[in-house]
Protein chains: 2
Amino acid sequence: MGPEFMTYCVGLQLNHGIVFMSDTRTNAGVDNISVFKKMFTWEKPGERVLTLMTAGNLATTQSVVSLLDERSKVPEERNPSILEVPSMFQVATLVGRTLREAIMSATETGQTAEANFSASIIIGGQIRGGAPRLFLVYPEGNFVEASQDTPFFQSGETKYGRPILVRAYDPDMSFSEAIKLLMVSFDSTIKANLSVGLPLDVQIYEKDSLKRGMEKRIEAEDPYFQLVSKGWGEALKSAFSSIPDPEL
Amino acid sequence: MGPEFMTYCVGLQLNHGIVFMSDTRTNAGVDNISVFKKMFTWEKPGERVLTLMTAGNLATTQSVVSLLDERSKVPEERNPSILEVPSMFQVATLVGRTLREAIMSATETGQTAEANFSASIIIGGQIRGGAPRLFLVYPEGNFVEASQDTPFFQSGETKYGRPILVRAYDPDMSFSEAIKLLMVSFDSTIKANLSVGLPLDVQIYEKDSLKRGMEKRIEAEDPYFQLVSKGWGEALKSAFSSIPDPEL
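1. Observations concerning the interface of chain B and chain A
- If you look at the interface, chain B gives 34 residues, while chain A gives 34 residues.
- Of all the secondary-structure elements, those providing two or more residues to the side of chain B that touches chain A are α3 (162-168), α4 (175-192) and α5 (223-242) of chain B.
- The element contributing the most residues to the side of chain B that touches chain A is α5 of chain B, with twelve residues.
- For the side of chain B that touches chain A, the class distribution of residues is 20 nonpolar, six polar and eight charged.

2. Some points on the sheet that holds strand β9 (residues 133-137) of chain B
Residues and elements named next belong to chain B.
- Ordered in space as β6-β7-β8-β9-β10, the five strands form an open sheet in which the pairing is antiparallel. Each edge of the sheet is formed by a strand with only one pairing partner; in this case those strands are β6 (39-44) and β10 (143-145). Direction aside, neighbouring strands of the sheet carry axes that sit 20 degrees apart on average.
- In this sheet, β10 lies alongside β9 in antiparallel orientation, the contact comprising three bridges. In the strand pairing of β10, V137 is matched with F143.
- Packing against the sheet, helix α1 (residues 58-73) makes contact with β6, β7 (48-56) and β8 (119-127), and its axis sits at approximately 155 degrees to β7.
- Along the sheet, helix α2 (residues 88-107) makes contact with β7, β8, β9 and β10, crossing β8 at roughly 155 degrees.

3. Side note on the nonpolar core
- Counting residues in each nonpolar core, the largest one holds 138 residues, and the members touching the most others are V19, V95, I123 and L182 of chain A together with V19, I123 and L182 of chain B.
- Apart from the residues lying within four places of it in its own chain, the contact partners of I123 of chain B are L50, L52, V91, A92, V95, F135 and V137 of chain B.

4. Overview of the environment of K73 of chain B
All names here are of chain B.
- Along the chain, K73 turns up in helix α1.
- Taking the C-beta count within 10 Å as the criterion, K73 has 8 such neighbours and is therefore assigned exposed.
- Considered as a pair, K73 and L83 are ten residues apart in the sequence and their alpha carbons are 8.9 Å apart.

Rules behind the numbers
- Residues numbered from 1 in each chain as written.
- Chains lettered and ligands numbered in written order.
- Predicted model: local features only at pLDDT ≥ 70, side-chain atom pairs only at ≥ 80, totals over all residues.
- Contact = placed C-beta atoms within 7 Å.
- Helix = DSSP H or I, 4+ residues; strand = E, 2+ residues; numbered from the N terminus.
- Nonpolar A, V, L, I, M, F, W, Y, C, P; charged D, E, K, R; others polar.
- Pairing = 2+ DSSP bridges.
- Axes fitted to C-alpha atoms, helices over the stretch in contact; angles between N-to-C directions.
- Core = buried A, V, L, I, M, F, W, Y, C linked by C-beta atoms within 7 Å.
- Buried ≥ 20, exposed ≤ 12 C-beta atoms within 10 Å, placed from the backbone.

Listed below in structure tokens is the structure:
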């Protein structure tokens, strides 16, 4: 089936915009690990910015990205371009349809269960005239949108990094705080699951800017990541000490 | 197949002894939830104390406990008694064999995959002449023992509650601190997975006491659990604030 992403990626909707973070590790067994980008951006400055993150089978997700990309160069009626469809809702619909198509086409040989080629996608961004929107697209091609009640989406190895997101997320947080939050969430995940690893990709989309925001690749030796990783262990221990012990 | 435990349980080996905590919720769908005990103790005061926690299919785990219990009353050569075998290693072997037997016997009808009847067990305690020992028994009947490197076992819905265990566990901690740690870990799990829920059962085994230690059922309205649950959210937020934001 080809390598799978043992991914962790998160899209965080804020009042100021959207922050995306993904790891870059993929493996086909722990002795066969490579770095692959899982974050992709399409942009028409002043008109739209779309950022997509993938989790799941690498062949499937690469195929989705290639199909979206090729069709943005030669759009046709049956396959409209991600750079042309008029709304974020239609972007999500298009991504869902393309994902479904890629999974079906991989499964066509009938040799293997669909689940093995499965993948999911987080896509967010803004098109002029609309608000920034963030979607989680399922392998079946359907999707859900982030809302006030569910203001972020995780994909892949989601559980270890979830408690801190649930507790510390605030829609008013700055991009800087949001990146710190994501780093803590990724650090907890990386500490627990060997197959999620640095480097990480991070990207910011600033509301109504309609242009690609700051992007950065965070390498293992990144001093701020190391500060968070080390500092968070200490901070958790003092948080733990700050709660009184029970009387037995 | 009958209800499954949507369990979370943890056994924590300390220098002072062992602490056990388990939830008590079981369901066969979110509209069919009951409370079942998942923690069981066999004791010969002054000679041995054994505490067992179950995760997985309820019919399977109840069958294991019943078999162990019946055979402790009428032991035979083929089925020795959990109250008679001479070492903790043999206790784990016996529990593993009984678990395997229960799963095989449920699968015998051949109608359903073995996985549906699966279960795992954490068992710990002490037998006079030996040290306190803690084991995780797999559905296949084999088992691993806790050690300095892996001083605790989780079973069931393990991921949400793992980061705090990894960060704050210390083999020297008191029973009181250990219970606080487990409550934080359970609170993170309960907040994330509806199907894990209060009440919780907690039990302490004090090294070399060779008698059952403090036991308690923690109900939803338990004031200390509420203090931990509320306090931990606040403590996490201040821990998070204590780390400097990155410069963008």
